[in-house]
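# Structural overview for review
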Amino acid sequence: MLRLLMLKNENIIADFKKALTVTIKSISKNDNVEVNFVNETPSIEGNFINITEPNLTSIKKNLTYLRAEADSLALEFRLHSKEIHKNFIVENETSNEIFNAVEQARIEAKGASIFKGIRANITKKHILDLKKNQSINSASSLAEAFRYVTYEKLLDIDLGKSNINYRNILKTKLGDRYENFFKDLKKQINNQELYGKKMMDILDDLNLLYNDGKENPKKENDDDQNISNESDQKNKDKDEKKDEQSENKIELDSSSSESQQAVAFEENDEIGEDSNESDFENLPEIANLKNIGDYKIFAKKFDEVVNANELCDDKELEKLRSNLDQQVFAFQPLITKMANRLHRKLLAQQNRTWDFNMEEGYLDTSRLARIIANPNNKLSFKKEKDVEFKDTVVSLLIDNSGSMRGRPITVAALCSDILAKTLERCLIKTEILGFTTKAWKGGESREKWIRDGKPSNPGRLNDLRHIVYKSGDSAWRRSKKNLGLLLREGILKENVDGEALLWAYNRLKIRQEKRKILIVISDGAPVDDSTLSVNPGNYLEKNLREVIHQVENKKIVELIAIGIGHDVSRYYSKAVTIMDVDQLGEVLLKELSEIFSIK
């Protein structure tokens with residue numbers, strides 16, 4: 001009976017998700033929209049709309065709230081232009097918060113005027129939110145005041161007594177401009193750009209556009225303005241240089257500090273800790289690989305190399321790891337079987353030989369018969385002799401782009417996990433790396449490019465995120481939960497393969513192992529819309545080819561590529577293509593078996 005009830009509840013949730021997904025796609029007017037249900041803040045990332053994961057309780061008690069949340073995001077997808085919005089972003093956080101709030105009110109109000117159901121859902125949600133927030137501080141709640149009051153004024157409605165405090169805040173702030181300001185906004189509700197300009201004008205009048213409440217420099221004398229601009233530019237250049245020096249100093253200090261901590265840790269703990277992770281993180285972008293064409297990077301300072309556990313708290317990582325194990329339970333026996341086969345092959349290579357007729361060592365029982373036949377014969381001993389087996393490190397570099405979402409990234413995570421465990425049993429060190437970007441279609445790099453006047457051919461124009469899931473010196477058991485991060489919504493974005501390959505190569509190059517193997521797992525060519533929109537169409541692909549060419553010619557690292565549904569042999573000289581992602585485990589272990597075959 002309980003099982004039937006649980007099944008019924010699961011069906012209710014599944015039906016609700018389907019209905020919500022269809023509604024979102026209909027409202028957004030875009031069939032390419034993908035809806036994800038997540039246990040984090042609702043958001044939009046590229047073509048993905050992330051909605052709070054519903055449960056039976058939330059469906060029964062907060063149905064309208066869930067619908068309103070979905071409606072708002074769908075409307076944003078339909079009625080909001082990120083490109084226009086970026087033009088109004090300034091360096092004042094308070095100003096940006098207020099502007100974002102008023103733009104959100106425009107989106108919701110316009111959508112509410114089109115759809116009666118959406119109007120009811122969002123209005124009810126706002127009333128509920130206002131009732132929850134009874135203690136209002138005028139300094140911290142200015143953005144919220146603009147949001148709720150603007151929504152009211154654009155629709156000519158009343159959100160109730162709970163909104164009185166917010167109205168009073170704005171009446172005090174705007175004074176005589178209060179009524180006319182909202183009338184002017186309402187006239188421009190269908191034009192995001194004119195609406196934004198009107199909002200920026202009022203922020204300027206309120207001295208909120210500039211840091212520390214300074215007045216608009218436009219109001220000053222032209223001559224003074226020119227002198228001020230030149231002075232500011234010089235100071236800015238000096239500050240940037242100081243920032244770069246400061247960042248370099250911090251990195252060096254951090255590296256030194258972490259190294260000392262690692263030494264202390266090794267003395268008090270078992271082998272297998274992250275003893276030299278900081279050494280890898282501070283590598284230069286290009287090390288001993290010269291003349292990488294005319295490839296440029298517009299702004300390096302926004303890039304990051306980060307450990308997986310820094311992007312997610314431990315509880316969520318454990319949950320994601322559990323989800324990973326559950327999703328691929330049926331697939332695991334096959335990959336484990338292949339792993340055992342590789343294990344036996346590696347152990348066979350590490351078999352030991354013996355020196356016989358030694359004066360000491362292990363007793364050679366095969367020669368005891370001679371002593372029995374003639375007690376005058378001496379006992380015979382034997383000693384083990386090691387066969388030379390090259391120290392080896394294997395690095396897996398996994399494409400963390402959005403196109404890997406779903407089954408591909410799940411299988412890649414499992415294969416990497418079992419491979420790391422298998423190689424560790426054979427005393428072969430393994431590291432698992434991932435590469436993606438911090439944002440869709442450009443992040444802070446693109447914003448800086450816009451502020452700098454959009455210079456032509458800027459080079460790579462997105463913020464890179466290189467992720468260390470497992471370093472070569474960390475034990476598998478301490479890193480296994482990190483791979484769960486691959487299943488987290490919002491992690492997988494765009495891919496700049498050339499720089500990622502160079503990063504992984506640099507990490508391997510400085511290691512002490514005699515043999516270094518780098519395996520790249522990818523499902524396509526490098527893609528970053530922000531970069532490709534302002535550079536030649538083959539910009540990233542050309543860079544990838546040049547990096548591969550130099551890595552392969554150096555012969556310091558053995559380079560292998562596995563393409564999932566994509567022929568990567570046109571890039572890599574040693575490559576395998578699989579059309580079915582479930583073949584990844586078998587192909588991966590087969591390739592390693594061939595690499596480790598006795599020559």
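Residues numbered from 1 in each chain as written. Predicted model: local features only at pLDDT ≥ 70, side-chain atom pairs only at ≥ 80, totals over all residues. Heavy atoms only, no water.

Next up on the list: the layout of surface pockets. In this approach a probe as big as a water molecule rolls over the atoms, and the regions it shows empty are the leftover space. As a volume, the largest pocket reaches approximately 1,400 Å³. Per-element tally for the lining of the largest pocket: the top contributor is helix α5 (residues 93-114), with eight residues. Classifying every residue of the lining of the largest pocket by side-chain character gives twelve nonpolar, 17 polar and 20 charged. (1 Å grid on protein atoms, 1.4 Å probe; cavity = no way out; pocket = protein on both sides within 12 Å on 5 of 7 lines; lining within 4 Å. Points joined across faces, edges and corners; volume = space filled by probe spheres on them. Helix = DSSP H or I, 4+ residues; strand = E, 2+ residues; numbered from the N terminus. Nonpolar A, V, L, I, M, F, W, Y, C, P; charged D, E, K, R; others polar.)

We now examine unusual backbone geometry. Outside of glycine, negative phi angles account for most residues, and trans bonds account for most peptide bonds. Even without glycine at this site, K454 takes up a positive phi of about 55°. When you line up the elements, K454 lands in the loop between α17 (444-451) and β10 (464-470). The phi dihedral of K555 falls on the positive side, at around 60°, and the residue is not glycine. You can call K555 exposed: its relative accessible area is 71%. (Buried < 20%, exposed > 50% of the residue type's maximum accessible area, 1.4 Å probe, protein only.)

Across the protein chain, the average pLDDT comes to 76, with 75% of residues at or above 70. Low pLDDT (under 50) marks residues 136-140, which in the prediction has five contacts with non-local residues, meaning those over four places away or in another chain. In this model residues 211-291 is a low-confidence stretch, pLDDT under 50, and it forms 70 contacts with partners more than four residues away in sequence or in other chains. (pLDDT = per-residue confidence, 0-100. Contact = heavy atoms within 4.5 Å.)

Core analysis: the largest hydrophobic core is formed by 58 residues, its most contacted members being I24, I51, I98, F146, L170 and M199. Considering each element in turn, this core owes the most residues, nine residues, to helix α7 (residues 142-155). One finds L419, L487, I491 and I519 within the second-largest nonpolar core, a separate group that totals 42 residues. (Core = buried A, V, L, I, M, F, W, Y, C linked by side-chain atoms within 4.5 Å.)

Take helix α19 (residues 497-509) next. The terminal C-alpha atoms of α19, which comprises 13 residues, lie 18 Å apart, in line with the 18 Å expected from a rise of 1.5 Å per residue. Burial of α19 is extensive: 13 of the 13 residues sit out of reach of the surface. (Expected span 1.5 Å × (residues − 1).)

Counted under the stated rule, the structure contains 22 salt bridges. The shortest N-O distance in the salt bridge between D158 and R167 comes to 2.6 Å. Linking R511 and E513 is a salt bridge whose minimum nitrogen-to-oxygen distance equals 3.0 Å. In this structure, R511 and E513 share a single accessibility class: buried. Salt bridges sharing partners connect three or more residues here, namely E152, D158 and R167. (Salt bridge = Lys/Arg side-chain N within 4 Å of Asp/Glu carboxyl O.)

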